[in-house]
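Listed here are the chains, written in short residue letters.
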Amino acid sequence: MFDKQQRLQGRLEPEIREFRDATRTLVLATVDAEGRPNVSYAPFALLEDGYYILISEMARHTKNLLENPKISLMMVEDEQDSRTLFARKRLTFDATPELVQRDTPEWQAGIDALHARFQETVLGLSQLADFHLYRLVPIKGLFVKGFGQAFAVSGDDLVDVLHLTDGHRP
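Summary of the structure given here. From a predicted model like this one, the values you see are computed outputs, not experimental measurements.

## Quick look at the overall build of the chain
When you go through the chain residue by residue, the secondary structure sums to four helices and eight strands. Starting at the N terminus and walking to the C terminus, you meet the elements of the chain as α-β-β-β-β-α-β-β-α-α-β-β. The 170 residues of the chain split such that 41% are buried. Considering only contacts within the chain whose residues lie at least 6 apart along the sequence, 64% involve residues at least 24 apart. Of the accessible surface of the chain, which amounts to about 10100 Å², a share of 54% is contributed by carbon and sulfur atoms.

Structure (structure tokens):
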């Protein structure tokens, strides 16, 4: 069993990383203080300690993060690249959002990573007082390759189980 797990890990880990690295935005699911859900998106940069997003406090998702620090994030295959829209490739995570304080090494590292991906726009936005840098630390997730191909993953993209065995019912 351990050998099978290692082979699966060796095969899926590069595929997960390639998919994640080719994605430029995260879909964010947040909840406000009254429990009302909201879905939005944000461009991101990934560093070893999490996904970094720069978001305005004027946006509903930022207000939600300030009130209720529960979040789910998703990277999803573009519709035009998908073989079937009913089973698009996707990587989802439950995550812990952490506000990164300005004028700290963590702030600078996050802004530098975002700047490397998104150029000058980040430098302008980061100067605005209503924009906040968040680090989203993934906890546990799911990588779906297609029908019958769902794999639990840990926060560092390691495949934890062979695959989810509860199948579809006729």
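Still more to cover.
## A word on the pairing of strand β8 (residues 149–154)
Counting buried positions over the six residues of β8 gives five, a clear majority of the element. With six bridges connecting them, strand β7 (residues 131–146) and β8 associate as antiparallel partners. What sits directly across from L142, in β8, is A152. What sits between the antiparallel neighbours β7 and β8 is a turn of two residues, in which G148 has the positive phi angle 70°.

## Brief notes about the nonpolar core
L26, I53, M75, L91 and L136 are the most contacted members of the largest nonpolar core, which totals 23 residues. Secondary structure elements with two or more residues in this core: α1 (2–22), β1 (25–31), β4 (50–56), β5 (71–76), β6 (90–100), β7 and β8. No other element matches α1, which puts four residues into this core. Beyond its immediate sequence surroundings of up to four residues, L26 is in contact with S40, Y41, A42, F44, Y51, I53, L73, M74, M75 and L136.

Cut-offs and rules
- Residues numbered from 1 in each chain as written.
- Predicted model: local features only at pLDDT ≥ 70, side-chain atom pairs only at ≥ 80, totals over all residues.
- Heavy atoms only, no water.
- Helix = DSSP H or I, 4+ residues; strand = E, 2+ residues; numbered from the N terminus.
- Buried < 20%, exposed > 50% of the residue type's maximum accessible area, 1.4 Å probe, protein only.
- Contact = heavy atoms within 4.5 Å.
- Areas by Shrake-Rupley, 256 points an atom, 1.4 Å probe, with all protein chains shown as cover.
- Pairing = 2+ DSSP bridges.
- Core = buried A, V, L, I, M, F, W, Y, C linked by side-chain atoms within 4.5 Å.

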